[in-house]
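Summary of structural features
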Amino acid sequence: MYIILVYDISLEMNGARVLNKVFKICKKYLTHIQKSVFEGEITPAKLKKLEQELKEYIRDDLDSVLIFKNSNKRWLTKEYIGIDNSDILSNFF
């Protein structure tokens, strides 16, 4: 399965710590694309584990995580407006 994960973490009430934890968890499973956006292939079992780890830190009244799921990356077309970071990212992976 191919997913795109986007998060929005409030900096209120120790939010910087939450933001750091959420970033590190996402980085374990996915490729960091920009700021609060990650993407990548992931098995259903690993996705469930990712979601469980995120739920430990996401504050229901302050933060949000949005996961777009697709069965296959081939069905997704990317279009960049502004800086295209795909060349930069390909050097790291």
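Residues numbered from 1 in each chain as written. Predicted model: local features only at pLDDT ≥ 70, side-chain atom pairs only at ≥ 80, totals over all residues. Heavy atoms only, no water.

The protein goes by CRISPR-associated endoribonuclease Cas2 in an unreviewed UniProt entry, where it is assigned to Enterococcus canintestini. Entered under Cofactor (unreviewed entry) in the UniProt record, the comment concerning the protein runs "Mg(2+)". According to UniProt, the comment filed for the protein under the heading Sequence similarities (unreviewed entry) is "Belongs to the CRISPR-associated endoribonuclease Cas2 protein family." (UniProt positions renumbered as here; feature names shortened; annotations may be inferred.)

1. A word on the packing of aromatic side chains
One pass over the full model with this rule turns up 2 aromatic pairs. Clustering of aromatic rings is evident, with ring pairs tying together Y7, F23 and F38. (Phe/Tyr/Trp six-rings, centres within 6.5 Å; stacked < 30°, edge-to-face > 60°.)

2. Some words on the UniProt feature "binding site: Mg(2+)" (unreviewed entry) in the protein
In this numbering, the UniProt entry assigns the feature "binding site: Mg(2+)" (unreviewed entry) to D8. Within the secondary structure, D8 sits in strand β1 (residues 2–8). By relative accessible area, which is 52% here, D8 ends up exposed. With residues near it in sequence (within four places) discarded, D8 still touches L62, D63 and S64. (Helix = DSSP H or I, 4+ residues; strand = E, 2+ residues; numbered from the N terminus. Buried < 20%, exposed > 50% of the residue type's maximum accessible area, 1.4 Å probe, protein only. Contact = heavy atoms within 4.5 Å.)

3. Observations regarding the sheet that holds strand β3 (residues 37–41)
Strands sit in the order β2-β3-β1-β4 across an open sheet of 4 strands; the sheet is antiparallel. Edge strands, defined here as strands with exactly one partner in the open sheet, are β2 (31–34) and β4 (64–70). Looking at each pair of strands side by side, their axes are set apart by 25° on average, direction ignored. Lying on the sheet, helix α1 (residues 15–29) is in contact with β1, β2 and β3; it crosses β1 at an angle near 175°. Where helix α2 (residues 44–55) meets the sheet, it contacts β1 and β4, and its direction lies at approximately 175° from that of β4. (Pairing = 2+ DSSP bridges. Axes fitted to C-alpha atoms, helices over the stretch in contact; angles between N-to-C directions.)

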